[in-house]
Structure formats: C-alpha cells, structure tokens
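Structural description and commentary
Here is how the chains run, residue by residue.
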Amino acid sequence: MNSPLLNNVQKQKMLRDTGINTGHLATFQSHIDAVKKIRDSNAPIGCIFEDDVTLVAGFKSKVAQMVSELPPAWDLLVLSAYCHSGWPSCAKNKHLQPVSPHLLPIKAFMSGAAYCLNPGSAARIIDGLPCDKNSPFCTVAMDGYLSGLVQEGTLKAFRAKILPVIIPQDLMKKGLHGIEAVASQDCLSVFDSDIVSWWDPGTSRKGVACVQNQL
C-alpha cells in the first residue's frame, strides 16, 4: 500500500488479487529498479534482461549493429517481442516499414524479457508512475506498461527484425510447451507460471515447466 509505483485503484485491486498480477508486480518493481539505474547513469545505453532468456549466437555483434542503426530520436530497442493477431493493438504494427537493414518500428508488443533504453527514455518511464488510472495501459505488467507508453506517443520504439533473444514462449510456440517433467537436471529454467499452457487455447494458464536450451 505504500508503493509509489501504484495509484490507489491499482493498490485496491492488488489487495484482492489471487492471480497473475501478484507475480507481475514483483517483476515490475525489479524492472523499475533497473530502469532507475539506467536513468541515473552516464551510459548512452542500458539493457535489461529477465533471467530465463537465451541469447542467440553472435548476440553482441548483432545488437551492436542494431544500436548503430538506431535513429537519433529513439527510446526503446526491443530485443524480445510477440503480439497475438487476436489483440486489437497488434494491428498497429501492420504496414510499418523498416527503418534500417536490421530494425523495424514497433507500436504494440508483449514481452519485457529483453530491451534497451537510454537515460532520457528511462526518465520518461519513471516519470509516468504512478500511471493515470483512467489509461487503458495502466498495468503492473512491465511489457504492457512499456507498450502503452509507446502507443500513447511517450516513447519511440524499434525492434530487431530478427529477434536475438529466445524466451520460453518462443519454445512453447514451436510445440514444446509440454516440455518435460521438472525432475530433469538439464533445465535451463524451471518456473511456476501463467504461460505454461499459454499456447493451448482453452486450457488453464497455470503449471510448471522445464525449459531446455534448444540451440
């Protein structure tokens, strides 16, 4: 209830929450702490990664190339993203033309697993908190909050044409969501999450998964 990140409406909803938003709030706090460090740094760019990502081969050189292609006015470089065709906001990405050989503009996205920003954009992210309770993008899901700031015009975002970060959802999309029993010692990541059954329409968004490195 004392969190400066939430408005009063969000706080009341969180008191009764028994689902996904409790986990989102913990992640949101961690992301905001990292964003503050980038805001307060002298570095021209800072990148944030969640702990269950896999980087593709040649990641460093690929991202360095993307950074060199960013336009002067940029806020987010999205390295992990998906957008379901059934979500109305995803239509905003249609017909967006590449801005360089390796970059596309992006308006709506999900996944806060990997992204880069600069001190100025980090400050705008922090300045937007607590968010306007009447905004449809007022959420404790970090990806929803960032995507909302982009759609509202507060941030300008670009994404890698070929994403250099693999997340569990990418593996699940390939039919690997029932990956195997968690007893395996070869797990890259083990998590109790709402996304285990995410890619099976009509199933409960609940379960435990073992993600293995498929590279």
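On a predicted model such as this, the values are computed, not experimentally measured, just so you know.

1. Overview of the overall build of the chain
When its secondary structure is counted, the chain shows six helices and nine strands. With 215 residues in all, the chain has 44% of them scored as buried. The contacts of the chain with a sequence gap of at least 6 include a subset with a gap of at least 24, amounting to 71%. If you sum the accessible surface of the chain, you get close to 11,400 Å²; carbon and sulfur atoms cover 54% of it.

2. With respect to the nonpolar core
Val35, Leu76, Leu117 and Ile125 are the most contacted members of the largest nonpolar core, which has 26 residues in total. Looking at this core, the elements with two or more residues in it are helix H2 (20-39), strand E3 (76-78), strand E5 (114-117), helix H4 (119-127) and helix H5 (142-151). It is H5 that contributes the most residues to this core, five residues altogether. Every residue in contact with Leu117, bar those within four places of it in the chain, is listed here: Val35, Ile38, Pro44, Ile45, Gly46, Ile48, Trp74, Asp75, Leu76, Ala122 and Ile125. Membership of the second largest hydrophobic core comes to 17 residues, among which are Val53, Trp74, Ala160 and Ile167.

3. Observations regarding the packing of aromatic side chains
In this structure the tally under the stated criterion is two aromatic pairs. Seen in terms of ring centroids, Phe28 and Tyr145 are 5.8 Å apart; in terms of plane orientation they differ by 75°. Their pairing is edge-to-face. Of this pair, Phe28 sits in helix H2 while Tyr145 sits in helix H5, placing them 117 residues apart in sequence. Across the pair, exposure class does not vary: Phe28 and Tyr145 are buried alike. Residues Phe49 and Phe59 carry aromatic rings whose centres are separated by 5.9 Å and whose planes lie at 65° to one another, so their mutual orientation is edge-to-face. Of the two residues, Phe49 sits in strand E1 (residues 46-49) while Phe59 sits in helix H3 (residues 59-69), which places them ten residues apart along the sequence. Residue Phe49 is classed as partly exposed on the basis of its relative accessible area of 35%.

4. Regarding the environment of Pro88
For Pro88, the location among the structural elements is in the loop between E3 and strand E4 (103-105). Look at Pro88 and you get exposed, because its relative accessible area is 72%. It is 9.5 Å that separates the C-alpha atoms of Pro88 and Ala108, two residues lying 20 residues apart in sequence.

5. Observations regarding the pairing of E1
Side-chain positions along a regular strand alternate between the two faces of the sheet. Side chains of E1 alternate between two faces, with Gly46 and Ile48 buried and Cys47 and Phe49 left unburied. Note that E1 and E5 share four bridges and pair antiparallel. Its bridge partner being in E5, Phe49 is matched across the sheet by Ala114.

6. Overview of the confidence of the model for the chain
On average, residues of the chain carry a pLDDT of 84, and 78% of them reach 70 or more. For the chain, per-element mean pLDDT is lowest for helix H6 (residues 168-176), which scores 58, and highest for E3, which scores 98. Counting interchain partners and residues more than four positions distant, the pLDDT-below-50 stretch residues 175-182 has 17 contacts.

Quick notes on the rules
- Residues numbered from 1 in each chain as written.
- Predicted model: local features only at pLDDT ≥ 70, side-chain atom pairs only at ≥ 80, totals over all residues.
- Heavy atoms only, no water.
- Helix = DSSP H or I, 4+ residues; strand = E, 2+ residues; numbered from the N terminus.
- Buried < 20%, exposed > 50% of the residue type's maximum accessible area, 1.4 Å probe, protein only.
- Contact = heavy atoms within 4.5 Å.
- Areas by Shrake-Rupley, 256 points an atom, 1.4 Å probe, with all protein chains shown as cover.
- Core = buried A, V, L, I, M, F, W, Y, C linked by side-chain atoms within 4.5 Å.
- Phe/Tyr/Trp six-rings, centres within 6.5 Å; stacked < 30°, edge-to-face > 60°.
- Pairing = 2+ DSSP bridges.
- pLDDT = per-residue confidence, 0-100.

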